[in-house]
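# Report on the structure
One letter stands for each residue in the lines below.
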Amino acid sequence: MFREVGISPQALLGVDDMLDFVSSNPGLDYTLTLVDHNVPDLPTSHPSTPRLTGRVANILDHHVDEGLQVPDGGRRVVRVPCGSTCTIVHSEGLLSGGFHWDVVGMKMLGTTIKVDTGDLSTSMGKTTPSDVLSLQTIMKELGDEGDDMGGMYKRVVDAKFNVDFWRGLDITEVKDMDFKTFSNVGVASVLLGAGDVKVKGGELGVGDGDLLVFMCMKIVEGKPEREIILVEGLGGGGLGEKVREGLERDEELGLEEVEKYERWGGKARAYKQRNEKASRKILGPKINEIVKGIKED
Ligand SMILES: [Mn+2]
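I will try to describe carefully the structure that is included in this document. (Residues numbered from 1 in each chain as written. Predicted model: local features only at pLDDT ≥ 70, side-chain atom pairs only at ≥ 80, totals over all residues.)

### As for the overall build of the protein chain
Our working definition: Here a helix means four or more residues in a row that DSSP labels H or I, a strand means two or more in a row labelled E, and each is numbered from the N terminus. Residue burial is a threshold on neighbouring C-beta atoms within 10 Å of the residue's own C-beta, all placed from the backbone, with 20 or more meaning buried, 12 or fewer meaning exposed, and counts in between meaning partly exposed. Here, residues touch in the contact sense if the C-beta positions derived from the backbone fall within 7 Å of one another.
Of the regular secondary structure elements, the protein chain holds 10 helices and 9 strands. Residue burial in the protein chain is summarised as follows: out of 297 residues, 27% are buried. Long-range pairs, those at least 24 residues apart, make up 60% of the contacts in the protein chain between residues at least 6 apart in sequence.

### Digging into the nonpolar core
Convention followed: Each nonpolar core reported here comprises buried Ala, Val, Leu, Ile, Met, Phe, Trp, Tyr and Cys residues connected via C-beta atoms within 7 Å.
Counting 28 residues, the largest nonpolar core has Val213, Ile228, Ile229, Leu230 and Val243 as the members making the most contacts within it. When residues of this core are assigned to their parent elements, the largest contribution, 5 residues, is made by strand E6 (residues 211–220). In this structure, Leu60, Met108, Leu109 and Ile138 belong to the second largest nonpolar core, which totals 13 residues.

### Description of the sheet that holds strand E3 (residues 76–78)
Put simply, the rule is: One requirement defines pairing of two strands: DSSP has to find at least two bridges between them. With axes taken as lines fitted to C-alpha atoms, and helix axes fitted only over the stretch in contact, angles between N-to-C directions fall between 0 and 180 degrees.
Read from one edge to the other, the open sheet built from 3 strands follows the order E1-E2-E3, with strand pairing classed as parallel. Where the open sheet ends on each side, the last strands, each with one partner, are strand E1 (32–35) and E3. Going across the sheet, the axis of each strand differs from the next one's by a mean of 20°, ignoring polarity. Pairing geometry for strand E2 (residues 56–61) and E3, over 3 bridges, is parallel. Across the sheet, residue Ile59 finds its bridge partner in E3, namely Arg76.

### Quick notes on the packing of helix H3 (residues 85–92) against helix H4 (residues 103–117)
Our working definition: Crossings are assigned a handedness: left-handed for a near helix turned anticlockwise from the far helix by less than a right angle, right-handed for a clockwise turn.
Two elements in contact, H3 and H4, have axes separated by 8 Å at closest approach and are oriented at 145°. Judged by the twist between their axes, the crossing of H3 over H4 is left-handed. Facing H3, whose interface residues are Cys86, Thr87, Val89 and His90, H4 presents Leu109, Thr112, Ile113 and Asp116.

### Some words on the packing of helix H9 (residues 239–249) against helix H10 (residues 280–296)
Heads up, the condition is: Roughly parallel means an angle under 35 degrees; roughly antiparallel means over 145; roughly perpendicular covers 65 to 115; every other angle is labelled oblique. Under the grouping applied here, Gly and all other residues not named as nonpolar or charged are polar, the nonpolar ones being Ala, Val, Leu, Ile, Met, Phe, Trp, Tyr, Cys and Pro and the charged ones Asp, Glu, Lys and Arg.
Following both chains from N to C, one finds H9 and H10 inclined at 125°, their axes separated by 10 Å at the closest point. Taken as axis vectors, H9 and H10 run oblique relative to one another. With respect to the hand of their crossing, H9 and H10 are arranged in right-handed fashion. When H9 is examined against H10, the residues Leu239, Lys242, Val243 and Gly246 are found in contact with a partner set consisting of Ile287, Ile290, Val291 and Ile294. Of the residues assigned to the contact of H9 with H10, the class counts are 6 nonpolar, 1 polar and 1 charged.

### Notes on H3
With 6 of its 8 residues buried, H3 lies for the most part within the structure. Within the sequence span of H3, burial applies to Thr85, Cys86, Thr87, Ile88, Val89 and His90. The elements touched by buried residues of H3 are E1, E2, E3, H4 and helix H5 (129–142). The positive-phi residue at the C-terminal boundary of H3 is Gly93, with phi of around 80°.

### Quick word on the pairing of strand E7 (residues 223–232)
Within E7, 7 of the 10 residues are buried, leaving the element largely enclosed by the surrounding structure. In terms of strand pairing, E6 meets E7 through 10 bridges, oriented antiparallel. Bridge assignment links Ile219 to a residue of E7, and that residue is Pro224. Counted between consecutive antiparallel strands, the loop separating E6 from E7 contains 2 residues, among which Glu221 sits at a positive phi close to 50°. Pairing geometry for E7 and strand E9 (residues 268–273), over 6 bridges, is antiparallel. Directly across from Leu230, in E9, lies its bridge partner Arg269.

### Side note on the environment of Asp176
Relative to the helices and strands, Asp176 resides in helix H8 (residues 171–176). The exposure class of Asp176 is partly exposed, given the 14 C-beta atoms found within 10 Å. For the pair Asp176 and Ala188, spaced 12 residues apart in sequence, the C-alpha to C-alpha distance is 6.9 Å.

### Some points on unusual backbone geometry
The linkage connecting Val80 with the following residue, Pro81, adopts the cis geometry, with an omega of 0°. Even without glycine at this site, Leu120 takes up a positive phi of about 60°. Locating Leu120 in the fold gives a position in the loop between H4 and H5. Backbone geometry places Asn184, a non-glycine residue, at a positive phi of 65°. Looking at the element boundaries, Asn184 is found in the loop between strand E4 (179–182) and strand E5 (185–190). When the 16 C-beta atoms within 10 Å are taken as the criterion, Asn184 is described as partly exposed.

So, to be careful, I would describe these as geometric facts and stop short of saying anything about function.
What follows is the structure, encoded as structure tokens:
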């Protein structure tokens, strides 16, 4: 969706990146607004957790209120049920003191409300009157400018759920659809089984990262199954190999090698991931830890 409106996903900051930035600038004061989940979505053992403690100033959410305190003067809007947090963001304003949404922001809010509620479907059981009101208001305010929201909604839904859409992409598009880097290791989340991630028309350009990870997800009889492909990059210094070995040993992930992709320069290996709950949110910090450990050795 960011690409659709001309914002490079590379320009986005993850919570970890942001916390790295503020920690490397001592004296910088910061507070956080939690939107869509009212407790920090990290395990207590996560290295970022202490850096979040006491920093949450505002909460805007549609999930059950877990009672995290916000300081005096902070905002707390937890509305349950509500189909989309973007409805709350739209109707309450993201920031205290007023915030002007430009056309791009309004389109993204509206499209996300559509995605979250199945285009205000009544059968999904998520749509509430306030979702309808917010989306109608956004459409009215956008006028002709909102004409492309229907197409944008369809493409976002395809990217989230439509395996045929993913099968039609070439390898570079598969890699870049949802891509994030951790310590020079690229991690692509893809809605394909490992066997469906194919290099069409030549080699996969791994680039000069140390390792490229495809986190594959496929639905088998209604249940998600995860697989992982590890491709050693051209970063040099053997770091990619060491990170691969670190991930192979990780008990939480539970990787079992299932197939070797000789085609990808003999460097790609595919694994079944026994823990289907371990998402990129879990894998990313693991990679950072492994790389840190290697560098300290
Ligand atoms: Mn939510």
